[in-house]
Amino acid sequence: MKTYKAVIIDDERLAREEVKRALKKYPEFIVVGEANNVDAAIKLIANKDPDLLFLDIHMPEKSGFDLLEELTTVPEVVFTTAYDQYAVKAFELNALDYLVKPLREERFAKTIEKVKQELAEKAKVSQDVLPMHKKIFIKDGESCYFIPISDIYYIESMENYARLYFGDKKAMIKRSLNLLEKKLDTTVFFRANRSQIINTHFIKEIHPHFNNKLHIILISGEKIEVSSRQSVKFKNWNSL
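Conventions adopted
Residues numbered from 1 in each chain as written. Predicted model: local features only at pLDDT ≥ 70, side-chain atom pairs only at ≥ 80, totals over all residues. Heavy atoms only, no water. Helix = DSSP H or I, 4+ residues; strand = E, 2+ residues; numbered from the N terminus. Rg over C-alpha atoms; globule rule 2.2 N^0.38 Å. Buried < 20%, exposed > 50% of the residue type's maximum accessible area, 1.4 Å probe, protein only. Contact = heavy atoms within 4.5 Å. Phe/Tyr/Trp six-rings, centres within 6.5 Å; stacked < 30°, edge-to-face > 60°. Polar contact = N/O pair within 3.5 Å; in protein donor to acceptor, adjacent residues only side chain to side chain. Core = buried A, V, L, I, M, F, W, Y, C linked by side-chain atoms within 4.5 Å. Arc of directions from axis to C-beta. UniProt positions renumbered as here; feature names shortened; annotations may be inferred.

An unreviewed UniProt entry annotates the protein as LytTR family DNA-binding domain-containing protein of Maribacter cobaltidurans.

Put into structure tokens, the structure is as follows:
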């Protein structure tokens, strides 16, 4: 049986226990850790590399939304909260589902089925990095393209899709940015932030910005703001 690692993030111990109890019916999900605040959660996620987060929204100092903003690679997310007014924003952030506390067994079961389907789909995708010279076929509406990966200079997240830029064209594919990142050569493609990947061969200019961030301008003219964490990574990645 395929198993998946889950992390529970909630400032209330009883709420974390509620999720753990609900998960006991699903042995394929193993809780590998829990945290009661965002800073602890970031360290836990980096250490455990979970497949799934059960994430509260309202927590002291930083919210669940703040946590996602600070992560570069985001696992699948199910929000758990006592409030339902944030559902729209949750789905804008590509959360798989949104559960209102207290959890209802039937509703939780539907969420788990949705999670299992998404994780199974991910498992089908080969983790082998594609060579830069390889050509890929893209069908976007009535348009079809067959292009070398090296021609892709910029990729941006569009909810459950990604938009690829190449030459003077762009096309949408039904792939998340996280999945694409695993397929691309990381010596060439760089994850600038949660929603953008760039081909470093197409960088024209790099400028320092506030809070130690970088601004990158591509040959095509796109201006990319690199997150603070990724700015540090980029500097280290390109230093002797």
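Caption draft 1: Representation of the overall build of the protein in the model. Along the protein, the regular secondary structure elements total seven helices and 15 strands. Taken over C-alpha atoms, the radius of gyration comes to 19 Å for the protein, in line with the 18 Å a tight globule of 240 residues would show. Expressed along its principal axes, the backbone C-alpha trace of the protein runs to roughly 50 × 40 × 35 Å. Here the protein holds 240 residues, and the buried ones make up 45% of them. Looking at the protein alone, contacts between residues at least 24 apart form 49% of all its contacts between residues at least 6 apart.

Caption draft 2: Main features of the packing of aromatic side chains. Scanning the entire structure with this criterion turns up nine aromatic pairs. Ring centres of Tyr153 and Tyr165 lie 6.2 Å apart, and the angle between their planes is 50°; on these two criteria the pair is classed as tilted. Taken together, the residues Tyr153 in strand 8 (residues 152-158) and Tyr165 in strand 9 (residues 161-166) connect sequence positions twelve residues apart. Judged by its relative accessible area of 8%, Tyr153 falls in the buried class.

Caption draft 3: The side chain of Lys101, seen in detail. With respect to the helices and strands, the residue Lys101 is situated in the loop between strand 5 (97-100) and helix 5 (105-124). One polar contact links Lys101 to Asp10, side chain to side chain, over a distance of 2.8 Å. Leave out the neighbours within four places in its chain, and Lys101 touches Asp10, Ala15, Glu18, Asp56, Thr80, Thr81 and Ala82.

Caption draft 4: Looking closely at the nonpolar core. If you look at the biggest cluster of nonpolar residues, it comprises 21 residues, and the most contacted ones within it are Ile9, Leu55, Leu67, Val77 and Phe79. A total of five residues in this core trace back to one element, the largest contributor, which is helix 2 (residues 38-48). Discounting residues that sit within four places of it in the chain, Ile9 has contacts with Ala35, Asn37, Ala41, Ile45, Leu53, Phe54, Leu55, Asp56, Met59 and Leu67. In this structure, Leu130, Ile149, Ala162 and Leu177 belong to the second largest nonpolar core, which totals 20 residues.

Caption draft 5: Here's a closer look at the side chain of Thr111. Inspection of the secondary structure assignment puts Thr111 in helix 5. Here Thr111 is in contact with Val78, Asp97 and Leu99, once residues within four sequence places are set aside.

Caption draft 6: Layout of helix 1 (residues 13-23). Where helix 1 is concerned, the buried positions are Ala15, Arg16, Glu18, Val19 and Leu23. End-on view of helix 1: buried residues confined to an arc of 155°, all on one side of the axis. Turned more than 90 degrees from where helix 1 packs its buried face, Arg13, Leu14 and Arg21 sit exposed.

Caption draft 7: Summary view of the UniProt feature "modified residue: 4-aspartylphosphate" (unreviewed entry) in the protein. Mapped onto this structure's residue numbering, the UniProt feature "modified residue: 4-aspartylphosphate" (unreviewed entry) falls at Asp56. Within the secondary structure, Asp56 sits in strand 3 (residues 52-56). Note on Asp56: relative accessible area 3%, which makes it buried. What Asp56 contacts, discounting residues up to four positions off in sequence, is Ile9, Asp10, Asp11, Gly64, Thr80, Thr81 and Lys101.

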